[in-house]
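# Descriptive analysis of the structure
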Amino acid sequence: MLPAEHRLRHRDDFTVALKQGARAGTRRLVLHWAATDRAHPTRVGFVVSKAVGGSVVRHRTQRRLRHLTADRLPGLPADGGLLVVRALPAAGSATSADLAADVDRGLRRLGLTGRG
RNA sequence: CGAGUCGGCCGGGCGGCCGCGUCGGCCGGGCCUGCUCGCAGGGCCGGCCGCCGAGGAAAGUCCGGACUCCACAGGGCAGGGUGGUGGGUAACGCCCACCCGGGGUGACCCGCGGGACAGUGCCACAGAGAGAAGACCGCCUCCCCGAGCGAUCGGGGCGGCAAGGGUGAAACGGUGGUGCAAGAGACCACCAGCGCACCGGGUGACCGGUGCGGCUCGGCAAACCCCACCCGGAGCAAGACCAGACAGGCAGCGUUCGAGGGCGGCCCGCCCGAGCUGCCGGGUAGGUCGCUGGAGGCGUGCGGCAACGCACGUCCUAGAGGGAUGGUCGCCGCCGCUCCCCGGAGCGGGCACAGGAUCCGGCUUACAGGCCGGCUCGUCCA
């Protein structure tokens, strides 16, 4: 799991990131980013709908995304924000390398690569 | 050896590295409590090490229980469920054995298997008639008309009949005889079937036998219904506790002449009872427990046809909370494709169905590939 302080847990937070945040789409993913003024570490959540696949496929996809995102967590802005990684149907049949490339591409478009 | 049938089991294996989660240990930091004042205990954060870490269906959420709360879990109605018999079990709609009916040469398989003389209802199409039913074709006596010498034939009518034909999933017994104008359980014999009595076997469903009776009145209960038995309700987001935040106001009903409540409905009984309801305003996303050791797995022995039970020994095997299993590499097994020196090489996100969420017992559904065993039939050999 992600450390508790980095977990996005409440439905309202998801809504804010999805509806009000900046968006960057790739073939397999859509990343949503909403900067907040709260003094709270950056929180990350995942959305993997049934369109991606069955229960096994959905869980595997979310695990891959969580590990990929956890590796990149130190590079994200430290002053707080909400990041939601949403999986598109193509994510279910993608390789881990493909997903990693899409995560990096999405973060770059949102201007989140590298601390600072 | 071939064909078949039933049952049990596995469901990729081994290893390296990085990462994740529970638990345990060690080290460091800071916090709280206690006192004999430098030690003990508790929990928090970080690092390192070690153990363990999804399934046979974890699934569908269809039954049954454990557990929790509703004071107790009471009666009746309504409602729901089950439905051959006996047993197993905590319990079941599950399992085992047997009975009955049907299928198969057989092993074996299939059956939502109580009641249709308690009542009501339905039986499409076809058909005259679908139930105290019915007469279309048909068969027959008699009467009338016509033809013929006549036997007889044709047409019509009052009646009788239900054997033969025809319809249908189904038409109220079957075969042979007596009988008759023609016929018919009208009567007789045997058989089938129904009912009753007795005898024998079985715990029982039921089976076998003997005698008698009236000769016989279909099907559907997954139509209503009747009978027997079972079911109080809600569910781990149950529920218990800790910490913390806030702000109340107005209206209605009520405090022994009692509001309201007792978690699906109604009535009764019993119990709790000083608050309850509506509107406006305000607050709330924290933590701990429940939470995994159990009707538990495995082995041996005993009882039982079996399901299963008992005794002894032995083992400990996930516990999250937006939810831990991901990535990568090597070797092997199986599969597919390509290549050729016919045995290897190369390629491949190939290797099913599928991911725990309180826990068990079942059922049902999905499933690549594979292993083991019992039994039956056929063929061949001894």
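Everything below is about the structure printed above this text.
Summary of the structure given here. (Residues numbered from 1 in each chain as written. Chains lettered and ligands numbered in written order. Predicted model: local features only at pLDDT ≥ 70, side-chain atom pairs only at ≥ 80, totals over all residues. Heavy atoms only, no water.)

## With respect to the pairing of strand 2 (residues 29-35)
- Counted residue by residue, strand 2 has six buried out of seven residues, so it is predominantly covered.
- Here strand 1 (residues 22-25) hands over to strand 2 after three residues, the two strands then running antiparallel side by side.
- As paired elements, strand 2 and strand 4 (residues 81-87) share seven bridges and run antiparallel to each other. Following the sheet pairing, His32 is matched in strand 4 by Val84. (Buried < 20%, exposed > 50% of the residue type's maximum accessible area, 1.4 Å probe, protein only. Helix = DSSP H or I, 4+ residues; strand = E, 2+ residues; numbered from the N terminus. Pairing = 2+ DSSP bridges.)

## Comments concerning the side chain of Arg58
- Mapped onto the fold, Arg58 is located in helix 2 (residues 55-72).
- Buried charge without a partner: Arg58 forms no salt bridge, and the closest opposite charge is Asp102, 18 Å away.
- Setting aside anything within four residues of it in sequence, one finds Arg58 in contact with Val48, Ser49, Lys50 and Gly53. (Lys, Arg positive; Asp, Glu negative; His and termini not counted. Salt bridge = Lys/Arg side-chain N within 4 Å of Asp/Glu carboxyl O. Contact = heavy atoms within 4.5 Å.)

## Structural notes on the pattern of salt bridges
- A complete count under the given rule lists five salt bridges for this structure.
- Between Arg105 and Asp102 there is a salt bridge, with the nearest N and O atoms lying 2.9 Å from each other. In this pair, Arg105 and Asp102 both sit in helix 3 (residues 96-109), three residues apart, roughly one turn of the helix.
- One connected set of salt bridges, linked through shared partners, spans Arg28, Asp98, Asp102 and Arg105.

## Some thoughts on the protein's contact with RNA strand B
- Surveying the vicinity of RNA strand B reveals 19 residues, the closest of which are Met1, His10, Arg64, Ala94 and Thr95.
- Sugar and phosphate atoms represent 62% of those atoms of RNA strand B found within 4 Å of the protein.
- One of the side-chain nitrogen or oxygen atoms of Arg9 is found 2.7 Å away from a phosphate oxygen of RNA strand B.
- Broken down by secondary-structure element, the contributors of at least two residues to the surface near RNA strand B are helix 1 (11-20) and helix 2.
- Broken down by element, the residue count for the surface near RNA strand B peaks at six residues, all from helix 2.
- Among the residues making up the surface near RNA strand B, the classes are represented as six nonpolar, six polar and seven charged. (Near = heavy atom within 4 Å. Polar contact = N/O pair within 3.5 Å; in protein donor to acceptor, adjacent residues only side chain to side chain. Nonpolar A, V, L, I, M, F, W, Y, C, P; charged D, E, K, R; others polar.)

## Digging into the nonpolar core
- Formed by 24 residues in total, the largest nonpolar core has its most connected members in Leu29, Leu65 and Leu83.
- Contributions of two or more residues to this core are made by strand 2, strand 3 (43-48), helix 2, strand 4 and helix 3.
- Sorting elements by how many residues they give to this core places helix 3 first, with four residues.
- Leu65 has contacts with Leu29, Phe46, Val85, Ala87, Leu99 and Val103, leaving out every residue within four places of it along the chain.
- Core analysis: the second largest hydrophobic core is formed by six residues, Leu8, Phe14, Leu82 and Val84 among them. (Core = buried A, V, L, I, M, F, W, Y, C linked by side-chain atoms within 4.5 Å.)

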